[in-house]
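Residues per chain, in single letters:
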Amino acid sequence: MTILEVNNLSVHFKNGKKKMCLIQNIGFSIRRGECLGLIGESGSGKSMTMKGLLGLLEPSFQVTGQVVLNQKDWMAQKPSLKREIMAKEIGIVLQNPMNSFDPLMRIDRQMKDYMKHYKKLSRSQMHQWLLRLLEGVNIKQGDEVLKKYPHQLSGGMLQRIMIAIAMALEPALIIADEPTTAIDTKSQKEVIQLLQTIKAKGQAGILFISHDLGVVSALADSIVLLHQGKVVEKGLCQDFMKAPASSYGKELLECKLKIGGENHATRSC
Amino acid sequence: MKKLTMSLWITGAFICAVVIAGIFAPLIAPHGPYENSILTKFTPMSLTYPFGTDHLGRCIFSRIIYGIRPTLFFSFLIMVGTMTLGTVLGLMSGYLGGKFDEVIMRFVDIILSFPSQIVVLAVVAALGNQIQNVIIAMILVKWAWYCRMIRGSVLKFRQSPFVIYSKMIGMPTLFILRKHILPNISADLTVLASIDMGWAILNISTLSFLGIGVQPPVSEWGAMLNEAKNVFRSNPIQVIFPGLSLMSVIGAFHYMGDALRDLWDPKEAL
């Protein structure tokens, strides 16, 4: 079943009479239990696409196109309804976990405040539920973690908490915007494994945005390659990793191979 | 837990003591504020008259204790008024941005371009010489300054990742303003509020000194200074105590603002 379908999504930036095209006619679709990798170099428009999609851009940006989320026309929804859909049907994981939590709020306060808007539970039930959520992302000492302030926890830990929040209301779609960029390799592996289990359960589709081709190949079923706001290549992830069809894709993969190759060479010396 | 700093204890205790003294003035003051007698005119400091008496033979100590009431109460009203107006408009203008922000900020520019003291005088001249007009006038000239300061603090947090994250997981705007932005700028707000309090006390007294606002014979520190000025040659000691009270209370509010900032801003305390 298709969760998210995007057709002809364009983003324009209006500055007085000038109109700049930032994203041009992007289209893709995600099914339940499927992971789509949105890849490209920095500044290619990956995050812009996501923000445009969710309607988070400032009014000076103009977003056009058709977005169907869970069989509903997303662009036509009222802002208040959009917010509710965003909370219930979309889970978000962002790239800088260290800054994504309010520094003055303890984790439990923060999670409870977020949850109680959309789930009515008594105090003790809420606490138990939060502990179960944290267990779901392999945080065993949930009681301790809940009492901490964000600056007392590591980036990997916070990233897992963010995944727990994203999964809490069992969304149909998870958007992960470079979730592995700001954390160390060990935490990266854990985050990838978590996303793999989520994918394996088959309840949610994942839109995975990254510039790290290694991470993408571990997770994504299909990819969309962006370059300067345009789709350069679309297809199965395996096919792309083996033999990219576009010249830009080839270039990108070669870069990766070259860097990998050099590393290999220095190690062998 | 957080440690209360020494300066917070001292200034806090001092301000509390002043407030309590103001509330229980009839119990603390040895004489009534208006009890006069030509026989006790210009009495030096003694046990019966701790700070001496003024040109009408009234006890200066009692008048200072009674003077806490109008001085602190009216300044508190002004502080609450300016801070509320400034915070609400500053939050909205900083967070919502766009046209709303533009309109509010240009309006603020207009108000800031007037010299505040003279506007207060003009408003009082137009509306009349009562204390409520002075309070309204002072709130109207001062909110703009706080509005701009608060907008600046809000802008710092508007695009911070945790606000964006909160927005992305579907939190309503009011929630973000109340739970994220307001607590994060509370340290700035406290400092502003205590400075504002000092400013308001000083201004109320300035205006009373000029004969606007609180009218004699009500004992208000500024008005007392005004009366003391008239007899400065014959009894110079009369200006000292109202002046000292003003100075110490305004100073205490400023120091308390600093101490509270250190206490409430965990980033600076670490």
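Every residue gets a number counted from 1 within its own chain, in the order that chain's sequence is written. The naming scheme follows written order: chains are lettered A onward, ligands numbered 1 onward. This being a predicted model, a pLDDT of at least 70 is required before a residue's local features are given, and a value of 80 or more before pairs of side-chain atoms are given or counted; all residues contribute to the totals for chains, interfaces and linings. To obtain the side-chain values, all non-hydrogen atoms of the structure were used and water was disregarded.

A. Quick look at the nonpolar core. In terms of nonpolar packing, the biggest core is built from 137 residues, with Leu4, Phe28, Ile161 and Phe208 of chain A together with Ile181 of chain B touching the most fellow members. A run of H or I in DSSP becomes a helix once it reaches four residues, and a run of E becomes a strand once it reaches two; helices and strands are each numbered from the N terminus. Take this core: its biggest share by element is 11 residues, from helix α3 (residues 60-96) of chain B. The contact criterion used throughout is that any non-hydrogen atoms of two residues lie within 4.5 Å. Once residues lying within four places of it in the same chain are set aside, the contact partners of Leu4 of chain A are Phe28, Ser29, Ile30, Leu53, Val67, Val68, Leu69 and Leu173 of chain A. Ranked by size, the runner-up nonpolar core spans 17 residues in total, among them Val120, Ile139, Val141 and Trp199 of chain B. The criterion is simple. A nonpolar core is a set of buried Ala, Val, Leu, Ile, Met, Phe, Trp, Tyr and Cys residues joined through side-chain atoms within 4.5 Å. Using a 1.4 Å probe on the protein chains alone, a residue whose accessible area is under 20% of its type maximum counts as buried, one over 50% counts as exposed, and one in between counts as partly exposed.

B. Spotlight on the layout of surface pockets. Estimates place the volume of the largest pocket at around 940 Å³. Cavity and pocket criteria rest on a 1 Å grid covering protein atoms alone: a 1.4 Å probe that fits but cannot get out defines a cavity, protein on both sides within 12 Å along at least 5 of 7 lines defines an open pocket, and an atom within 4 Å of a point defines a lining residue. In terms of lining, the largest pocket is formed by 26 residues, of which the most central are Gly55, Leu56, Leu57 and Glu58 of chain A together with Lys167 of chain B. Grouping the amino acids of the lining of the largest pocket by side-chain chemistry returns 13 nonpolar, six polar and seven charged. Grid points are joined across faces, edges and corners, and a volume is the space filled by probe spheres set on the points. Amino acids outside the nonpolar list (Ala, Val, Leu, Ile, Met, Phe, Trp, Tyr, Cys, Pro) and the charged list (Asp, Glu, Lys, Arg) are all regarded as polar, and Gly is one of them.

C. Seen up close, the side chain of Asn184 of chain B. Relative to the helices and strands, Asn184 of chain B is located in helix α8 (residues 173-209). Looking at Asn184 of chain B, its side chain comes within polar contact range of the main-chain oxygen of His180 of chain B, at 2.7 Å. Throughout this description, a polar contact denotes any pair of N or O atoms lying within 3.5 Å of each other; where both atoms belong to protein, one of them has to be capable of donating a hydrogen while the other can accept it, and for residues adjacent in sequence the pair is counted only when both atoms sit in side chains.

D. Summary view of unusual backbone geometry. Residue and element names in this part refer to chain A. Positive phi outside glycine occurs at Asn25, with the angle close to 45°. Along the chain, Asn25 falls in strand β2 (residues 18-31). Phi angles above zero are rare outside glycine, and Gln71 is one such case at about 65°. Tracing the backbone through its elements, the reader meets Gln71 in the loop between β4 (61-69) and β5 (72-73).

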